[in-house]
Amino acid sequence: DAGVTQSPTHLIKTRGQHVTLRCSPISGHKSVSWYQQVLGQGPQFIFQYYEKEERGRGNFPDRFSARQFPNYSSELNVNALLLGDSALYLCASSYIGQGAGEQYFGPGTRLTVT
Amino acid sequence: AQKITQTQPGMFVQEKEAVTLDCTYDTSDQSYGLFWYKQPSSGEMIFLIYQGSYDEQNATEGRYSLNFQKARKSANLVISASQLGDSAMYFCAMRDDQTGANNLFFGTGTRLTVIP
């Protein structure tokens, strides 16, 4: 079975631009979470979606938004990019929305803002 | 607020030896989950092991075991018989089961280097 996939792998954007990152969960998984990992730090939670509804939101500004589609894939959108948004963006999927379901991560999208 | 502390920025271990990576956590919740992930230089987070707060037995997965001491709020990862491929960043994470979300709180990580 395919694991979590993310696209694109790498992205370079300019300050003020908008970016859309995409994630496809493992087949059968209905929950998708997004994390931001700045260099030298652990990942920080941005959003969780389960059955197409937002289940959790981390401490990120409104420039960050996300959605989940009927096939459970997800998009993360970031508006008005800042230099500080440069990071590895990780998507994770799990079978259930909460509880003991392990989260399986994708390879990430490395975003560079210049 | 939940907090994960990993006090070892870097660790070295001889190949075939065992190593313990430390993790302490802080939460006022009774129900939570503890995870360890491995992150190679490629960037992907690889799930290693899970321990639920109500699990009485320490979790084990192959060469990985989690030394869970609930009263001390510690969840140390033990890797036995280290291999060169174990060289990577290791992250301890906690999931809060009270909020209804499945988000993880991560520590700052420990970089493990296995020496031949």
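Rules used in this analysis
- Residues numbered from 1 in each chain as written.
- Chains lettered and ligands numbered in written order.
- Predicted model: local features only at pLDDT ≥ 70, side-chain atom pairs only at ≥ 80, totals over all residues.
- Heavy atoms only, no water.
- Core = buried A, V, L, I, M, F, W, Y, C linked by side-chain atoms within 4.5 Å.
- Buried < 20%, exposed > 50% of the residue type's maximum accessible area, 1.4 Å probe, protein only.
- Helix = DSSP H or I, 4+ residues; strand = E, 2+ residues; numbered from the N terminus.
- Contact = heavy atoms within 4.5 Å.
- Buried area = accessible area lost by both parts, 1.4 Å probe.
- Salt bridge = Lys/Arg side-chain N within 4 Å of Asp/Glu carboxyl O.
- Polar contact = N/O pair within 3.5 Å; in protein donor to acceptor, adjacent residues only side chain to side chain.
- Nonpolar A, V, L, I, M, F, W, Y, C, P; charged D, E, K, R; others polar.
- Phe/Tyr/Trp six-rings, centres within 6.5 Å; stacked < 30°, edge-to-face > 60°.
- Lys NZ or Arg CZ within 6 Å of the ring centre and 35° of its normal.
- Pairing = 2+ DSSP bridges.
- Axes fitted to C-alpha atoms, helices over the stretch in contact; angles between N-to-C directions.
- Disulfide = S-S within 2.5 Å.

It is not clear to me how the nonpolar core should be interpreted in this structure. Could you clarify?
In this structure, Tyr 25, Trp 36, Ile 49, Leu 77 and Tyr 90 of chain B are the most contacted members of the largest nonpolar core, which totals 24 residues. At the level of secondary structure, the elements contributing two or more residues to this core comprise strand S3 (19–21), strand S5 (32–39), strand S6 (46–52), strand S8 (64–69), strand S9 (74–79), strand S10 (88–96) and strand S12 (110–115) of chain B. The contacts of Leu 77 of chain B, once residues within four sequence positions are left out, are Val 19, Thr 20, Leu 21, Trp 36, Leu 48, Ile 49, Tyr 64, Ser 65 and Tyr 90 of chain B. Leu 11, Cys 23, Ala 66 and Tyr 89 of chain A belong to the second-largest nonpolar core, a separate cluster that totals 22 residues.

Whenever I open this one, the interface of chain A and chain B confuses me. Can you help?
Size of an interface, as often reported, equals the accessible area lost when the parts are brought together. The partner chain B presents 20 residues to the 26 residues of chain A that form the contact. Both sides of the chain A and chain B interface together cover about 1700 Å² of buried area, and 53% of this is carbon and sulfur. Viewed at the interface, chain B and chain A are joined by zero salt bridges. On inspection of chain A and its partner chain B, the count reaches three residue pairs in polar contact (both at pLDDT 80 or more). Breaking the side of chain A that touches chain B down by element, the ones donating at least two residues are strand S4 (31–37), strand S5 (44–50), strand S6 (53–57), strand S9 (87–94) and strand S10 (104–105) of chain A. Residues belonging to the side of chain A that touches chain B are distributed by class as follows: 10 nonpolar, 14 polar and two charged.

I would appreciate a short explanation of the packing of aromatic side chains in the present structure.
In this description, a pair of aromatic rings is defined by centroid distance and the angle of the planes. Scanning the entire structure with this criterion turns up 15 aromatic pairs over all chains. Judged by centre distance (6.1 Å) and plane angle (75 degrees), the ring pair of Phe 105 of chain A and Phe 106 of chain B falls under edge-to-face. On the criterion of chain membership, the pair formed by Phe 105 of chain A in strand S10 and Phe 106 of chain B in strand S11 (residues 104–106) is interchain, its members lying in two chains. Both residues of the pair, Phe 105 of chain A and Phe 106 of chain B, count as buried. Grouping aromatic residues by their ring pairs yields a cluster made of Tyr 35, Phe 45, Tyr 104 and Phe 105 of chain A together with Phe 35, Tyr 37, Phe 47, Tyr 50, Phe 91 and Phe 106 of chain B. It is Arg 63 of chain B that lies over the ring of Tyr 64 of chain B; its NZ or CZ is 5.7 Å from the centre.

What is the right way to read the sheet that holds strand S1 (residues 5–7) of chain A from this model?
Hydrogen bonds between backbone atoms are what pair the strands of a sheet, whose relative direction is either parallel or antiparallel. All names here are of chain A. Here we have four strands laid out as an open sheet, ordered S1-S3-S8-S7, and antiparallel in their pairing. Taken across any chain shown, the strands that pair with only one partner, and hence form the sheet edges, are S1 and strand S7 (64–68). Neighbour to neighbour, the strand axes of the sheet diverge by 15 degrees on average, direction disregarded. Looking at chain direction, S1 and strand S3 (residues 19–24) are connected through three bridges and run antiparallel. Its bridge partner lying in S3, Thr 5 is registered against Ser 24.

In this structure, what is going on with the state of the cysteines? I would like to understand it.
Defined simply, a disulfide is a covalent bond joining two cysteines at their sulfur atoms. All names here are of chain B. For the structure on display, the rule yields two disulfides over all chains. Residue pairing for Cys 23: its cysteine sulfur links by disulfide to Cys 92, the two sulfurs lying 2.0 Å apart. Its S-S torsion of about -65 degrees marks the bond between Cys 23 and Cys 92 as left-handed, since a negative value means left-handed. Of the two residues, Cys 23 sits in the loop between S3 and strand S4 (24–26) while Cys 92 sits in strand S10, which places them 69 residues apart along the sequence. Of the two residues, Cys 23 and Cys 92, neither departs from the other in class, the shared state being buried.

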